[in-house]
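Tertiary structure, described
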Amino acid sequence: GQAGQRGCADGEGAAARFKNPFGVVVDGSNNILVADTSSHCIRMISGDKALVTTVAGSTEAGDADGTGVLARFNNPVALALDEDSLLVLELSQHRLRVVKAFVEEEICRPCLCL
């Protein structure tokens, strides 16, 4: 994206837009995963092309399990990786969720797990 230009748009380089990116983690393929907090989604920046794509969630806040953009998050703020999952901490829901192969499931509610 470009400094000072807010929004939620997938794309390459300066064409991409984020709205309050917060938590960041790098996977084994040098892809950067970003908790785009105010866009309520998880975005990925490919390591080789700076191509930004939405991998889970959408711009609509919510509370729904699902694959890809059918999942709903409410202010994701922190990310962590384990062997085969992406852990997502949601600020507004006070819980930790897991994304497995881009299939998101609830693992802890209503507690806050770190």
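Computed from a predicted structure; not experimentally measured.

**Quick look at the confidence of the model for the chain**
When pLDDT is averaged across the chain, the result is 81; 83% of the residues are at 70 or more. The least confident element of the chain is strand E10 (residues 103-106), whose mean pLDDT is 42; the most confident is strand E7 (residues 76-81), at 94.

**Considering the pattern of salt bridges**
Going through the model one piece at a time under the given rule, you end up with six salt bridges. The closest approach of N and O atoms between Asp-36 and Arg-43, which form a salt bridge, is 2.7 Å. The salt bridge involving Asp-65 is made with Arg-97; its shortest N-O contact spans 3.0 Å. Here Arg-97 lies in strand E9 (residues 95-100) and Asp-65 lies in the loop between strand E5 (51-57) and strand E6 (66-67), a separation of 32 residues in the sequence. On the basis of relative accessible area, Arg-97 is assigned to the buried category, the value being 0%. One continuous salt-bridge network, built from bridges that share partners, spans Asp-63, Asp-65, Glu-90, Arg-95 and Arg-97.

**Brief notes about a nonpolar patch on the surface**
A contiguous nonpolar patch, built from Val-24, Val-26 and Ile-32 and spanning about 230 Å² of accessible area, is present on the exposed surface. As for its position among the elements, Ile-32 is in strand E3 (residues 32-36). A residue is classified by how much of its surface remains accessible, and Ile-32, at 30% relative accessible area, is partly exposed.

So, how was this worked out
- Residues numbered from 1 in each chain as written.
- Predicted model: local features only at pLDDT ≥ 70, side-chain atom pairs only at ≥ 80, totals over all residues.
- Heavy atoms only, no water.
- pLDDT = per-residue confidence, 0-100.
- Helix = DSSP H or I, 4+ residues; strand = E, 2+ residues; numbered from the N terminus.
- Salt bridge = Lys/Arg side-chain N within 4 Å of Asp/Glu carboxyl O.
- Buried < 20%, exposed > 50% of the residue type's maximum accessible area, 1.4 Å probe, protein only.
- Patch = residues over 30% accessible without salt bridge, like charges linked within 9 Å, V, L, I, M, F, W, Y side chains within 5 Å.
- Areas by Shrake-Rupley, 256 points an atom, 1.4 Å probe, with all protein chains shown as cover.

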